[in-house]
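# Descriptive analysis of the structure
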Amino acid sequence: MTYTPHSNRYNNGMQYARCGNSGVLIPRISLGLWHNFGDVDDFSESERIICYAFDHGITHFDIANNYGPPPGTAEINFGKILNTQLSGYRDELFISSKAGYTMWQGPYGDHGSRKYMMASIDQSLKRTGLAYFDLFYSHRYDPNTPLEETMQALVDMVKQGKALYVGISNYPAEVAVRAYAYLAANQTPCLLHQCKYSMLVRNVEEGNINACEKSGVGLIAFSSLAQGLLTNKYLHEIPQNSRAAKATGFLQKEQITAEVLQKIEQLNKLAALRNQSLAQMALAWVLREKTISSVIVGASAVSQLQNNIATLNNLDFSPTELAQIERILG
Ligand SMILES: NC(=O)c1ccc[n+]([C@@H]2O[C@H](COP(=O)([O-])OP(=O)(O)OC[C@H]3O[C@@H](n4cnc5c(N)ncnc54)[C@H](OP(=O)(O)O)[C@@H]3O)[C@@H](O)[C@H]2O)c1
């Protein structure tokens, strides 16, 4: 595939928002590579998805050391696309990776020690072929490692020129606040906290949204489509090749209960009244929170990404619609 990016890519429907108090703008819809970019996936479709994203103003791509499967292959495949189709566009891209989940055997291949974090970023740079990441995250809080040790590793990655900014993901709010303070005191303010947030999973409303707001840290949401549940795809069946049909175990058939389906059905009707797909209403609902800089979507096909980007045509909710959503969610 030979690709030349669209010349109008920044006038093609994308909007940008600032990450907290920083100078960095990211697209309100970002693309995540947790699924669909591993060696088990169709590389040419992965390539088309990345190119479609870039053509429509998506500058932010989110990966992690363990994405695949097998782990590491999403970084390798993304690196191939970067170094072919997107070569020459590095300064237009904002690329994040992370370390925190199991990546290699033995005591140093997981969690939050300095030993693991420093080796991880080196491995991720090698796999992607990048000289630096724009953002590197601690992927999860490790209660058995002093917070200062994990945070100092992030600070040192920036000092070493391996990352421009740092972030955290999936931290409880009370620990996140201490992380923000440590990083700020060491001249490496936290850029983003990456948290799960959707109509079906709302824990961030209990602390992390406020903590980000107070500390001037941006919040970036993931799994806002609940891995596909908050779309119309599971309304009548479990389609072949859908995430729930695959044996990855991340979205299990058992999660698609009659109760969940009833909510989805009602949300789908409300979305239709707004002239949106359910996916679009679910993403717009997350983006209504002003602290949220961006929502990272996953996509297994270009058509899904196209649908998700068009969310930005209608981000407004009337008080009546918001109340209806609350009633449906119970
Ligand atoms: N920090 C963390 O711990 C963490 C954890 C999870 C995710 N993330 C990040 O967030 C990203 C997104 O996570 P996610 O994949 O769980 O997000 P998601 O956006 O909730 O789900 C994406 C999946 O939903 C389906 N889909 C997407 N758009 C659709 C549409 N318009 N219509 C119908 N189906 C649609 C596709 O599944 P099918 O395969 O069924 O087509 C797609 O793979 C990840 O790639 C990663 O970068 C971070």
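Residues numbered from 1 in each chain as written. Predicted model: local features only at pLDDT ≥ 70, side-chain atom pairs only at ≥ 80, totals over all residues.

To continue, consider the sheet that holds strand β5 (residues 94-99). The strand order β3-β4-β5-β6-β7-β8-β9-β10 describes a closed barrel built from 8 strands, whose pairing is parallel. On average, adjacent strands in this sheet sit at an angle of 30 degrees to one another, irrespective of strand direction. By the bridge criterion, 4 bridges tie β5 to strand β6 (residues 133-138) in an arrangement that is parallel. Bridging across to β6, Ser96 finds its partner in Leu135. Lying over the sheet, helix α4 (residues 147-159) contacts β6 and β7 (163-169), oriented at roughly 160 degrees with respect to β7. Sheet strands touched by helix α6 (residues 208-215): β8 (190-196) and β9 (218-222). Its angle to β9, the strand with the most contacts, is close to 150 degrees. (Pairing = 2+ DSSP bridges. Helix = DSSP H or I, 4+ residues; strand = E, 2+ residues; numbered from the N terminus. Axes fitted to C-alpha atoms, helices over the stretch in contact; angles between N-to-C directions. Contact = placed C-beta atoms within 7 Å.)

Among the 30 residues in the neighbourhood of the ligand, the closest are listed as Gly32, Trp34, Phe222, Gly228 and Gly298. Examining the composition of the shell around the ligand, we find that 3 residues originate from one element, helix α9 (residues 302-309), more than from any other. The class makeup of the residues in the shell around the ligand is 9 nonpolar, 18 polar and 3 charged. (Near = placed C-beta within 6 Å. Nonpolar A, V, L, I, M, F, W, Y, C, P; charged D, E, K, R; others polar.)

A few words now on helix α7 (residues 258-273). Its 16 residues place the ends of α7 23 Å apart at the C-alpha level, agreeing with the 22 Å of an ideal helix rising 1.5 Å per residue. Two residues or fewer past α7, Asn275 is found with a positive phi of approximately 60 degrees. (Expected span 1.5 Å × (residues − 1).)

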